[in-house]
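# Examining the three-dimensional arrangement
Letter by letter, the chains look like this.
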Amino acid sequence: AERAQTTTATGLVKVIRESTARFRDVSVAEAEDYHLLFGCVSGEDAGAMGLHYANTSLVFDDELDPTRPEIVIYEPQADGRLRLVGADFLILASAWHATHPATETPQIMGQLLHLFESPNRFGLPAFYTLHVWAWKDNPNGMFVNWHANVSCDAFRGTTP
């Protein structure tokens, strides 16, 4: 079973790398309607999530498509550039449960999403999310919310 999980994980990462490679240039993401939300998200002690560039039309389309992540994640660099580190999938819990049983957790290619209850730091209603650190290895795991080696230290508070 572990080998199957690894294969599934590798498959999902491969799909995400293929579908987000063009976003290594943040201006391409912006041209496709991804915009910075929430500033740079960092944790108390668990590293950071980084800069979430969200495409709100994808956030509210109530679909999960591994080739079209709702959010692409960047880490600010000391030279002011942004480094693509991953993708984040998001669906509102109310939208998901409108068409699925209350006990069913959404998943993408076999990876279960995490539930963020409301109220939350993002001011959103309850939602499911899956971070995929496809572009920067995370020692804590490829699908955990926080990345131990992502930092907001270089964030200047504005987008270049």
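The paragraphs below set out a description of the structure included in this document.

What counts and what doesn't
- Residues numbered from 1 in each chain as written.
- Predicted model: local features only at pLDDT ≥ 70, side-chain atom pairs only at ≥ 80, totals over all residues.
- Heavy atoms only, no water.
- Core = buried A, V, L, I, M, F, W, Y, C linked by side-chain atoms within 4.5 Å.
- Buried < 20%, exposed > 50% of the residue type's maximum accessible area, 1.4 Å probe, protein only.
- Helix = DSSP H or I, 4+ residues; strand = E, 2+ residues; numbered from the N terminus.
- Contact = heavy atoms within 4.5 Å.
- 1 Å grid on protein atoms, 1.4 Å probe; cavity = no way out; pocket = protein on both sides within 12 Å on 5 of 7 lines; lining within 4 Å.
- Points joined across faces, edges and corners; volume = space filled by probe spheres on them.
- Nonpolar A, V, L, I, M, F, W, Y, C, P; charged D, E, K, R; others polar.

## Some words on the nonpolar core
Ranked by size, the top nonpolar core spans 46 residues in total, and within it Tyr-53, Val-72, Tyr-74, Leu-130 and Val-132 carry the most contacts. Ranked by the residues each element gives to this core, the list is headed by strand E4 (residues 82-92), at eight residues. Once residues lying within four places of it in the same chain are set aside, the contact partners of Leu-130 are Leu-12, Ala-87, Asp-88, Phe-89, Ile-108, Gln-111, Leu-112, Leu-113, His-114 and Phe-143.

## A short note on unusual backbone geometry
What is expected of a backbone is that most residues other than glycine have negative phi and most peptide bonds are trans. The amide bond that connects Ser-118 to the next residue, Pro-119, takes the cis arrangement and shows omega of 5°. Mapped onto the elements of the fold, Pro-119 is located in the loop between strand E7 (114-116) and strand E8 (127-132). One non-glycine residue, Phe-38, adopts positive backbone phi at about 70°. Phi is positive for Asp-62, close to 60°, though the residue is something other than glycine. You can see Asp-62 is positioned in the loop between helix H3 (56-59) and strand E3 (71-76). The class for Asp-62 is partly exposed, based on a relative accessible area of 41%.

## Overview of empty space enclosed by the protein
Here the structure, examined in full by the defined rule, presents one cavity of 30 Å³ or more. Of the volumes computed, that of the largest cavity is approximately 40 Å³. Lining of the largest cavity is provided by Leu-58, Asp-61, Glu-63, Asp-65, Arg-68 and Glu-70. The residue makeup of the lining of the largest cavity, split by class, is one nonpolar, no polar and five charged.

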